[in-house]
Amino acid sequence: MSGLKNRGRKTAYGIKEMFFPAENKKGPAVRDWCLLGLVLLPVFLFFCFYHDFSLTMRQSLVFNDCFFRGEAHRFYSVVNDMAENGAFAGWPDTLQAGANYSALNYMTLGFVNLPLYAADRLFSLNLPLLPYQFVVKALYLILLLAMVRIMQDIARRLGYPEEKAKWIGFLFASSSLFIFLSLIIMHLDIFPLFFALLGIRALLAGNVRRELIYFSVAVLYKPYILLGILPILLLQEKRLLYLLRNGILVMAGTLLQAGIYHFDPGYGEVKAFMEDLYGFVDRFFASGYGYSLNLQEGTAGFFIIGFVVVCVAAYAVRTPEAPAPSGEEENAGYGEKDRRNLYFILPMLVFGLFMLFVSWHPNWLLLAVPFFTMALAGARRFRTACLLDTCISLFVILLAGLGWPRAYDQNMAEGGFLSKVFQMKNQGGSISGILKGIGINPDLYMSLFAGVVTAAMLFVLWEYKNRNRKEAPEEWLGGYIWLRTAPVGIFIVFSLAALFVKA
């Protein structure tokens, strides 16, 4: 009888080890990266939010035209004229098809595709957008590999041992949020994220000049990244004049661009049109409470209130110092010597508030990924952190399908160059259709999403408060690490199946 019991225990242990293997003490194995490559392969071949990509790519080629004609300073007016004359197929002949982003985004995509652009213009090839999409996807994969290296460098500077630093790079690359919000949607937010990470690495290395240059470029690509950068600046510097200097330098690129395009009437025209259409500023006050002062009535936005609280806390906290050398490998990455984790925890709280109280677009949440990854990786209770990360990713994907049907959902599988070459179309299966067919009130999904985001924020704060406890952190289990990739994996399989199976 005892023998049977022992065999039963061995079998149970074997099953657990099969699905939740212990971490490789040398970092991710080659098979881990190969499996991740298999996940990314269909993303590379089939997925793209083609509606937005086609407009942005064509406008980037227009930027090249303007640049080589010596009219780069008139870029916005040129694009606006083309938009109002119906030059961008699939878009209305209004400024909705105008150039809505910083010129640096169009310059980047245009210059990366210079060889194709030159061949197209010189030989009148009239190339379709698919070769350009291939180049941009290759660029995104290169940026992913570069950011993996940067995340590893950041982890080392925060005091993590080498194997943990390698795993943190893998945690970032295998994040469902990163794969869905960047490699699948194929939007422009990967550029500010890349330079923001370069800035944080420079900060931890003590190179303030490089830090501010990188942050300035990140903000020029996408001003929303300021939500994460401002708490970092307040945490780093307490001298008001130096803080003011740093803030001005971080905004220098954006101010320079505004100065250059101030003389282009199309720049102000399209900015005003897009603000009226999408209400970017109003989104920060979408959730709040009524505030009345005699004849003045307004809304006190919950996000703005929370953002101010985090910024005040960042300024009030004693400037984090570099960790002292330690031979206690099992406690590396934790404790008082790693107060510099606040450089990720505080921006994570800001983006958590953003998710809770701002009417967001899915691609905007990409900016939160490294902060959530690093903040959760520093938790002693690693399994809980992975489960929270998995749930957040799952609800972002579900809410994207509910909130943007025919856009940020399974139909993105129609936009990849292989799907376009073989003219593959969705056969009727949809995320929103399934979720609504279940009969659950959509408010429940939003409430659950808000619940797990709030839980993640409180969990990280609780972990930081108890960082000096002597208890050993949980072992990092491979199964929990891969569990975080499950939401996007299921999305990929479902989306591809919908191309072949009629609902």
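Residues numbered from 1 in each chain as written. Predicted model: local features only at pLDDT ≥ 70, side-chain atom pairs only at ≥ 80, totals over all residues. Heavy atoms only, no water.

Details of the overall build of the chain
To keep it simple, the criterion reads: Only DSSP runs of H or I covering at least 4 residues are called helices, and only runs of E covering at least 2 are called strands; the numbering of each starts at the N terminus. Throughout, radius of gyration means the C-alpha value; the globule benchmark is 2.2 Å times the number of residues raised to the power 0.38. Only protein chains enter the area calculation, which uses a 1.4 Å probe; residues under 20% of their type maximum are buried, those over 50% are exposed, and those in between are partly exposed.
Looking only at helices and strands, the chain has 24 helices and 2 strands in total. The C-alpha radius of gyration computed for the chain amounts to 24 Å, which stays within 12% of the reference 23 Å derived for 503 residues, consistent with globular compactness. Along the three orthogonal principal directions, the C-alpha set of the chain runs to about 80 × 60 × 50 Å. Within the span of the chain, comprising 503 residues, buried residues form 54% of the whole.

Observations concerning the state of the cysteines
Applied cut-off: Cysteine sulfur atoms are paired as a disulfide whenever they fall within 2.5 Å.
Under the defined criterion, the tally for this structure stands at 0 disulfides. C386 supplies the cysteine sulfur nearest to C391, a cysteine that is in no disulfide, at a spacing of 11 Å. C391 gets classed as partly exposed once you look at its relative accessible area, which sits at 30%.

Topic: the environment of G199
By secondary structure assignment, the location of G199 is in helix α10 (residues 190–204). As for G199 and N294, which are separated by 95 residues in sequence, their C-alpha atoms are 45 Å apart.

Re a nonpolar patch on the surface
So the rule is basically this: Patches were defined on residues exceeding 30% relative accessible area and lacking a salt bridge, with like-charge contacts within 9 Å and nonpolar side-chain contacts (Val, Leu, Ile, Met, Phe, Trp, Tyr) within 5 Å. Calculation of accessible area relied on Shrake-Rupley with a 1.4 Å probe; when residues are assessed, cover is drawn exclusively from the protein chains displayed. Salt bridges are defined as contacts in which a side-chain nitrogen from Lys or Arg sits within 4 Å of a carboxyl oxygen from Asp or Glu.
Nonpolar side chains collect at one region of the surface, where Y289, Y291, L293, F302, I305 and V309 lie side by side and expose about 570 Å² of accessible area between them. Secondary-structure elements contributing two or more residues to the nonpolar patch are β1 (288–293) and α16 (302–316). You can see F302 is positioned in helix α16. By relative accessible area, F302 is classed as partly exposed at 32%.

A closer look at the pairing of β1
Cut-off, in case you're wondering: For two strands to count as paired, DSSP must find a minimum of two bridges between them.
Judged from the 6 bridges that link them, β1 and strand β2 (residues 296–301) form a sheet pairing that is antiparallel. Along β2, the bridge assignment pairs Y289 with A300. Between β1 and β2, which pair antiparallel and follow one another directly, the connecting turn spans 2 residues, one of which, N294, has a positive phi of 55°.

Observations concerning the confidence of the model for the chain
How we decide: The predictor rates its confidence in each residue with pLDDT, a number between 0 and 100. Note on definitions: a residue-residue contact is assigned when non-hydrogen atoms from the two residues lie within 4.5 Å.
Mean pLDDT over the chain: 90, with 91% of residues reaching 70 or higher. Averaged pLDDT values over the elements of the chain bottom out at 46 in helix α1 (residues 2–19) and peak at 98 in helix α11 (residues 208–221). Low confidence marks residues 1–13, where pLDDT is under 50. Its contacts with residues over four positions away, or in another chain, come to 0 contacts. The low-confidence segment residues 324–337 (pLDDT under 50) makes 33 contacts with residues lying over four places distant or belonging to another chain.

A short note on the environment of V112
The topology assignment puts V112 in helix α5 (residues 103–112). Apart from residues no more than four positions distant in its own chain, V112 is found in contact with V135 and L139.

What about the packing of aromatic side chains?
Just so we agree on the cut-off: Pairs were defined over the aromatic rings of Phe, Tyr and Trp, the Trp ring being its six-membered one, requiring ring centres within 6.5 Å. Orientation was assigned from the angle between planes: stacked under 30 degrees, edge-to-face over 60, tilted for the rest. To sit over a ring, a charge needs its Lys NZ or Arg CZ within 6 Å of the ring centre and within 35 degrees of the ring normal.
Evaluation of the coordinates by the stated rule reveals 46 aromatic pairs. Here F280 and W364 contribute two aromatic rings whose centre-to-centre distance is 6.1 Å and whose plane-to-plane angle is 55°, an arrangement assigned as tilted. In this pair, F280 is assigned in the loop between α15 (265–278) and β1 and W364 in the loop between α17 (342–357) and α18 (369–377), connecting sequence segments 84 residues apart. Considered together, F280 and W364 belong to a single accessibility category, that of buried residues. Three or more aromatic residues joined by ring pairs make a cluster, and in this case those are F63, F67, F68, F75, Y76, Y101, Y106, F111, Y117, Y261 and Y267. Taking NZ or CZ as reference, R239 lies 3.7 Å from the ring centre of Y242, over its face.

A closer look at helix α14 (residues 252–261)
One full turn of an α-helix is made of 3.6 residues, so residues set three or four places apart face in the same direction. Put simply, the rule is: Along the arc lie the directions from the helix axis toward the C-beta atoms.
Among all positions in α14, only G253, T254, Q257 and Y261 are buried. Along α14, the residues classed as buried sweep out an arc of 100° about the axis, all on the same side. Across α14 from its buried face, at more than 90 degrees, point the exposed residues L255 and L256. Next to the buried residues of α14 lie α3 (50–68), α4 (75–84), α5, α11 and α15.

Remarks on empty space enclosed by the protein
How we decide: Throughout, the protein atoms alone are placed on a 1 Å grid, and a set of points is a cavity if a 1.4 Å probe fits but cannot get out or a pocket if it is open with protein on both sides within 12 Å along at least five of seven lines; lining residues have an atom within 4 Å of a point. Grid points are joined across faces, edges and corners, and a volume is the space filled by probe spheres set on the points. Gly is placed with the polar residues, together with every amino acid not listed as nonpolar (Ala, Val, Leu, Ile, Met, Phe, Trp, Tyr, Cys and Pro) or charged (Asp, Glu, Lys and Arg).
Here the structure, examined in full by the defined rule, presents 4 cavities of 30 Å³ or more. Size it by volume and the second largest cavity reaches roughly 70 Å³. L171, F372, T373, L376, A377, F382, A385, C386, D389 and R484 are the residues that line the second largest cavity. Elements with a contribution of two residues or more to the lining of the second largest cavity: α18 and α19 (382–403). Partitioned by chemical class, the residues of the lining of the second largest cavity number 7 nonpolar, 1 polar and 2 charged.

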